[in-house]
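# Geometric and topological summary
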Amino acid sequence: MRVGLTGGVASGKSTVAAILAELGAVVIDADLLAREVVEQGTPGLAAVVEAFGPTVLTADGDLDRPKMGAIVFNDTEKRRLLESIVHPLVFARYAELEASAPKTGIVVHDIPLLVESGRAAEFDAVIVVDVPHQTQVERMLRDRGWTEEDARARIAAQASAAERRAVATFVIENTGTLEDLRHRVTEVFEELRRRAEA
Ligand SMILES: CC(C)(COP(=O)(O)OP(=O)(O)OC[C@H]1O[C@@H](n2cnc3c(N)ncnc32)[C@H](O)[C@@H]1O)[C@@H](O)C(=O)NCCC(=O)NCCS
Ligand SMILES: Nc1ncnc2c1ncn2[C@@H]1O[C@H](COP(=O)(O)OP(=O)(O)OP(=O)(O)O)[C@@H](O)[C@H]1O
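As annotated in an unreviewed UniProt entry, the protein carries the name Dephospho-CoA kinase and is attributed to Nocardioides vastitatis. Of the comments in the UniProt record for the protein, the one headed Sequence similarities (unreviewed entry) reads "Belongs to the CoaE family." Regarding the protein, the UniProt comment filed under Pathway (unreviewed entry) reads as follows: "Cofactor biosynthesis; coenzyme A biosynthesis; CoA from (R)-pantothenate: step 5/5."

Following this line, the structure appears as structure tokens:
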């Protein structure tokens, strides 16, 4: 069973994915793949430098992620340019991983831009993690050292909660404690398991 997992920035997708993995799901993380394809020495990083210039590299030659974030989340065209380089590479890695993923059981695809990329229909079920904007902003300021403006720029670059909910099989409201979240994720996992066995 292929399950899509999505939600806004800092909504709690990775936390949900980690709980699902503990419960026995196989998880494929798009953010992780998007990092791998632009690691030092990759054709992906070379293409990014070709498009944006060498000033987007750190002194060590890695992609300067805070700098890149400041560029692309304040300029839609530049974001599209970066996506046009990174997304095809991510899809190619995805195809390889899918081919080697187990053919039985529950495979969860953690994809922040699942709705934006119009891919929801490819999945047997879609889990949407949802929190109010204010909670997203608070978590981003607390954990990532971003300014409120950075946080809101990222939210603005993404689909709305209503657009996500429209494709959801399950909505996980992540407004309670981590314990509440674990309880709800377990409930959803049990239901997925029932559907997978039916
Ligand atoms: C701009 C970059 C370098 C900033 O890196 P940074 O380490 O600050 O963020 P990270 O990659 O960990 O992403 C954190 C979150 O930001 C949001 N986000 C990232 N890219 C995008 C995007 N293109 N559009 C909207 N939101 C995005 C997602 O919610 C994601 O979970 C990086 O996000 C990137 O390369 N983005 C383009 C690739 C992409 O679209 N990735 C998203 C999943 S495939
Ligand atoms: N219910 C909760 N209560 C308190 N903190 C939480 C809760 N759920 C998640 N968090 C925390 O909020 C932060 C963001 O969560 P997480 O990294 O899972 O979000 P994400 O959606 O994967 O983020 P990104 O969009 O950057 O990939 C983390 O520090 C996480 O521990």
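## Details of the overall build of the protein
A count of helical and extended segments in the protein gives 9 helices and 5 strands. The N-to-C order of helical and strand elements in the protein reads β-α-β-α-α-α-α-β-β-α-α-α-β-α. With the principal axes as the frame, the protein shows a C-alpha extent of 55 × 40 × 30 Å. Taking all 198 residues of the protein together, 40% fall into the buried category. In the protein, once contacts between residues fewer than 6 apart in sequence are set aside, the share between residues at least 24 apart is 70%. Averaging the coordinates of the 23 positive side-chain charges in the protein and doing the same for the 32 negative ones gives two points 2 Å apart.

## Quick look at the confidence of the model for the protein
Detailed conclusions should not be drawn from predicted coordinates in areas where pLDDT is low. Residues with a pLDDT of 70 or more make up 100% of the protein, whose mean pLDDT is 95. On the interface metric, ipTM, the complex scores 0.96, and its pTM is 0.95.

## Quick word on the UniProt feature "binding site: ATP" (unreviewed entry) in the protein
In the numbering adopted here, UniProt assigns the feature "binding site: ATP" (unreviewed entry) to Ala10, Ser11, Gly12, Lys13, Ser14 and Thr15. Looking at where Ala10 falls in the secondary structure, it is placed in the loop between β1 (2-7) and α1 (13-23). Residues contacting Ala10, with those up to four places away along its chain left out, are Gln136, Arg139, Met140 and Arg144. The residue Ser14 is located in helix α1 in this model.

## Digging into the domain arrangement of the protein
Looking at the assigned domains, one finds that the protein contains domain 1 (1-25 + 106-193) and domain 2 (34-104). Domain 1 and domain 2 are separated by 22 Å when their C-alpha centres are compared. The partner domain 2 presents 12 residues to the 11 residues of domain 1 that form the contact. Note on domain 1 versus domain 2: buried area summed over both sides is about 910 Å², and carbon and sulfur give 56% of it. Along the contact surface separating domain 1 from domain 2 lie 1 salt bridge. Taken together, the connections running from domain 1 to domain 2 amount to 1 residue pair in polar contact (both at pLDDT 80 or more). At the level of elements, β3 (107-110) and α7 (148-156) are the ones that each hand at least two residues to the side of domain 1 that touches domain 2. Looking at the side of domain 1 that touches domain 2, the element that brings in the most residues is β3, giving 3 residues. For the side of domain 1 that touches domain 2, a count of residues per class yields 6 nonpolar, 1 polar and 4 charged.

## Some remarks on the nonpolar core
Within the largest apolar cluster, 25 residues are counted, with the highest numbers of intra-cluster contacts made by Val48, Leu63, Met68, Leu82 and Tyr94. Secondary structure elements with two or more residues in this core: α2 (30-36), α3 (43-52), α4 (65-72), α5 (76-100) and β4 (125-130). If you tally residues by element for this core, the top one is α5, at 5 residues. Residues within four places of Met68 in sequence aside, it is in contact with Val48, Phe52, Val56, Leu63 and Leu82. If you look at the next biggest cluster of nonpolar residues, it comprises 19 residues, including Val108, Val129, Leu181 and Leu192.

## A few points about the environment of Leu81
Mapped onto the elements of the fold, Leu81 is located in helix α5. Taking the C-alpha atoms as reference points, Leu81 and Val48, 33 residues apart in sequence, are found 9.0 Å from one another. Residues contacting Leu81, with those up to four places away along its chain left out, are Ala51 and Phe52.

Parameters and conventions
Along each chain, the written sequence defines residue order, and numbers are assigned to residues from 1. Numbering of ligands from 1 and lettering of chains from A proceed in the order in which they are written. Only residues with pLDDT of 70 or above have their local features reported here, since the model is predicted, and side-chain atom pairs are shown and tallied only from 80 upward, although totals for entire chains, interfaces and linings are computed over all residues. The side-chain values count all of the structure's non-hydrogen atoms but skip hydrogen atoms and water molecules. UniProt positions are given in the numbering used here, feature names are shortened, and annotations may be inferred rather than shown by experiment. A run of H or I in DSSP counts as a helix once it spans at least four residues, and a run of E counts as a strand once it spans at least two, with each numbered from the N terminus. Only protein chains enter the calculation, and the probe is 1.4 Å; a residue is then buried if its accessible area is under 20% of its type maximum, exposed if over 50%, and partly exposed in between. What makes two residues a contact is simply this: any of their non-hydrogen atoms within 4.5 Å. A residue counts as positive if it is Lys or Arg and as negative if it is Asp or Glu; His and the chain ends are not included. Note that the charge is assigned to NZ on lysines, CZ on arginines, CG on aspartates and CD on glutamates. Per residue, pLDDT captures the predictor's confidence, and it can take any value from 0 to 100. Where each domain starts and ends comes from a domain assignment, either automatic or drawn from a database. Values labelled buried area give the accessible surface lost by two parts on being combined, using a 1.4 Å probe and summing over both. Salt bridge, as used here, is a side-chain nitrogen of Lys or Arg placed within 4 Å of a carboxyl oxygen of Asp or Glu. Here a polar contact means two N or O atoms within 3.5 Å. Within protein one must be a hydrogen donor candidate and the other an acceptor candidate, and residues neighboring in sequence count only if both atoms are side-chain atoms. Following the grouping adopted for this structure description, the nonpolar residues are Ala, Val, Leu, Ile, Met, Phe, Trp, Tyr, Cys and Pro, the charged ones are Asp, Glu, Lys and Arg, and the polar ones are all others, Gly among them. For the purposes of this section, nonpolar cores are sets of buried Ala, Val, Leu, Ile, Met, Phe, Trp, Tyr and Cys residues that join through side-chain atoms within 4.5 Å.

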